[in-house]
Amino acid sequence: MDGDIQGIISTLLFLTLFLMMFTNVGQKLQLMFMTANLRSKLAILERMLNDSLARAEKVLSIAGSKNPKRTVKRLTEFFVVEPVSIEPTDIIRRLAHILETRRGNIRRILIEDLGEKSKHELNNIEVILEVSAALNYLYKFVRHYLLLGEKTSNLILIMQLAYLMPYILRIADAYHKSLDAFEKGIPIGDGLGPLVAFKLAPTSPRHEIVEETVYSIIEVDGRIVYVVKAEGPGATVGKPGEAIEKIVEKEKGNVSRIITVDAALKMEGEETGAIAEGVGAAIGDPGPEKIRIERIATKYNIPVDAIVVKMSAEEAIQAMTKKIVEAADNVVEYVKEIIKTRVPKGGKVIVAGIGNTVGIV
Amino acid sequence: MNALQILQIAAIIVIVVLLALSIVMAEKKTSKKKEKKTIALIKCDKGDYETKREFKSGDFVGKVEGECPKCKGVLRVYAIFVEEIESHK
């Protein structure tokens, strides 16, 4: 009897091994398991998306929307066609024009639905809708490749998606959690630059220089400092490039230095809140603002310093942590040190706090 | 008991141990829950007074919070941040 069972088990094992190695049964099984796993992950993504859409609708309803469902649908499906890049002439101007049109159109749709609102309120609503749009895109992206992989029984496609999934879920979770901060108006990690600008000039009056961008003037040990930041406390990044350009032109190029302060993505293993110094314009916009800083600095031969504080992508879009606040205090001292050692007495310097100023005035 | 039987039993034990390990690891990952609190740091403009309180709706960095109890200067929100308190549940 014992021998019979042993024989059956051995035969079954052999058969299974044979089927796995010499037919596509193994692959099919792998495909089946991976697809089932991806479907459960897609369900998680769907839950996050539905929650973000419901919250966006609620925010719009509270703000007086006539048809929140329609507005959320319109704005989460809104897309931008990138300018032609095989002909690079003028690409920055074309990109800036397209981004400006996008911003104008989104603002118009919101005003049509909500009526006149304060720009800070509109900025916060716009960002909440942008987060929902990002989640909507992630959900559709995963669903597309999952269905395509299933339809064509493409194990490679499914496998790639399965290996990407933990990263996609991490991004989606970060976006989903960021809604809390934007709904309540809590500063986010990316607000490090504006926080440094605030700490440099907490009580100085803010003057609007370009749309949604302000500057203050302070004195640091006999040097005149223009502190530039987006206009808070609504969620906006402003136009720091254009603001710096205007200030430099207003001063006829008589600016000793431009210092940009921004949040930077850390590599795995790096400490959150670590400060790094370099040169160049530390600004993560699609291009139009950064190039303005580079062009005006080159025109008048002004050195551009960059100070960044390291943080993860999740930390950058979620409520600011204590470590980042502490880093901002250290950056303020760092910036003052640079001003004292690299700018002559009586000289002028621009310090730009780059980033989203939600919750920071 | 012959060699093949021993091999089969060993294979079963290895599979059971691996399954148990993976379950224990997953449990460990989920057991550490972090409680989050949003804090508003309030300071006097002159720097002689500092206090903390929980974030309230409508708070923002730069918001004037009244008069300093020490020097009658301006009290202002200087930072808003999230603090994590680890709690094992």
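Residues numbered from 1 in each chain as written. Chains lettered and ligands numbered in written order. Predicted model: local features only at pLDDT ≥ 70, side-chain atom pairs only at ≥ 80, totals over all residues. Heavy atoms only, no water.

A. Representation of the overall build of chain B in the model. Of regular secondary structure, chain B possesses one helix and four strands. Of the regular secondary structure in chain B, the N- to C-terminal order runs α-β-β-β-β. A burial count over chain B gives 25% of its 89 residues as buried. Sequence-distant contacts, at least 24 apart, represent 50% of the contacts inside chain B between residues at least 6 apart. Element-wise, carbon and sulfur atoms account for 62% of the exposed surface of chain B, whose accessible area totals about 6,300 Å². (Helix = DSSP H or I, 4+ residues; strand = E, 2+ residues; numbered from the N terminus. Buried < 20%, exposed > 50% of the residue type's maximum accessible area, 1.4 Å probe, protein only. Contact = heavy atoms within 4.5 Å. Areas by Shrake-Rupley, 256 points an atom, 1.4 Å probe, with all protein chains shown as cover.)

B. Layout of the domain arrangement of chain A. All names here are of chain A. Examined at the domain level, chain A breaks down into domain 1 (22–184) and domain 2 (189–353). Between domain 1 and domain 2, the C-alpha centre-to-centre distance is 30 Å. The interface of domain 1 with domain 2 comprises 20 residues on the first partner and 19 residues on the second. Buried area between domain 1 and domain 2, both sides added, is near 1,600 Å², and the carbon and sulfur share of it is 56%. Three residues stand out in domain 1 for area buried against domain 2, namely Ile92, His120 and Arg170, and they jointly supply 31% of the buried area on that side. For the pair domain 1 and domain 2, the number of links is seven salt bridges. (Domains from an automatic or database assignment. Buried area = accessible area lost by both parts, 1.4 Å probe. Salt bridge = Lys/Arg side-chain N within 4 Å of Asp/Glu carboxyl O.)

C. Structural detail: the interface of chain B and chain A. Each side of the interface is counted separately: chain B has 21 residues, and chain A has 23 residues. Between chain B and chain A, roughly 1,700 Å² of surface is buried when both sides are summed, and carbon and sulfur atoms account for 63% of that area. At the junction of chain B and chain A, the tally comes to one salt bridge. A salt bridge links Lys322 of chain A to Glu83 of chain B, with the shortest nitrogen-to-oxygen separation between them at 3.4 Å.

D. Representation of the environment of Ile302 of chain A within the structure. All names here are of chain A. Mapping Ile302 onto the fold places it in the loop between helix H9 (288–299) and strand E6 (304–311). The exposure class assigned to Ile302 is buried, which follows from its relative accessible area of 6%. Setting aside residues up to four positions removed in sequence, Ile302 forms contacts with Val248, Gly253, Val255, Ser256, Arg257, Ile258, Ile296 and Ala297.

E. Expanded view of the nonpolar core. Residues and elements named next belong to chain A. Of all hydrophobic cores here, the largest spans 91 residues; its most connected members are Leu45, Leu110, Ile259, Val261, Val335 and Ile339. If we ignore the near neighbours within four places in the chain, the residues touching Ile339 are Val220, Arg223, Val225, Ile259, Val349 and Val351. Ranked by size, the runner-up nonpolar core spans 21 residues in total, among them Val210, Val304, Ile350 and Ile354. (Core = buried A, V, L, I, M, F, W, Y, C linked by side-chain atoms within 4.5 Å.)

F. Main features of H9 of chain A. Residues and elements named next belong to chain A. Over its twelve residues, H9 extends 17 Å from the first C-alpha to the last, a length consistent with the 16 Å expected when each residue adds 1.5 Å. Of the residues making up H9, those classed as buried are Pro288, Glu289, Ile291, Ile293, Ile296 and Ala297. Taken from the residues just after H9, Asn301 is the one with a positive phi, measuring 55 degrees. (Expected span 1.5 Å × (residues − 1).)

G. Geometry of the pattern of salt bridges. All chains considered together, the criterion is met by 38 salt bridges over all chains. Between Glu251 of chain A and Lys348 of chain A there is a salt bridge whose closest N-O contact spans 2.7 Å. Taken together, the positions of Glu251 of chain A in the loop between helix H8 (240–250) and strand E4 (257–265) and Lys348 of chain A in strand E7 (residues 348–353) put the pair 97 residues apart, joining distant regions of the chain. For the pair shown, Glu251 of chain A and Lys348 of chain A are each scored as buried. A salt bridge links Glu65 of chain B to Arg53 of chain B; its shortest N-O distance comes to 3.1 Å. With Glu65 of chain B in strand E3 (residues 64–67) and Arg53 of chain B in strand E2 (residues 50–54), this residue pair connects regions lying twelve residues apart in the sequence. Through salt bridges that share partners, Asp51, Arg55, Asp180 and Glu183 of chain A make up one connected network.

H. Main features of the state of the cysteines. Residue and element names in this part refer to chain B. Going through the model one piece at a time under the given rule, you end up with zero disulfides over all chains. Left without a disulfide partner, Cys44 is nearest to the cysteine sulfur of Cys71, which lies 3.5 Å away. Here Cys44 falls in the buried class, since its relative accessible area comes to 2%. By relative accessible area, which is 24% here, Cys71 ends up partly exposed. (Disulfide = S-S within 2.5 Å.)

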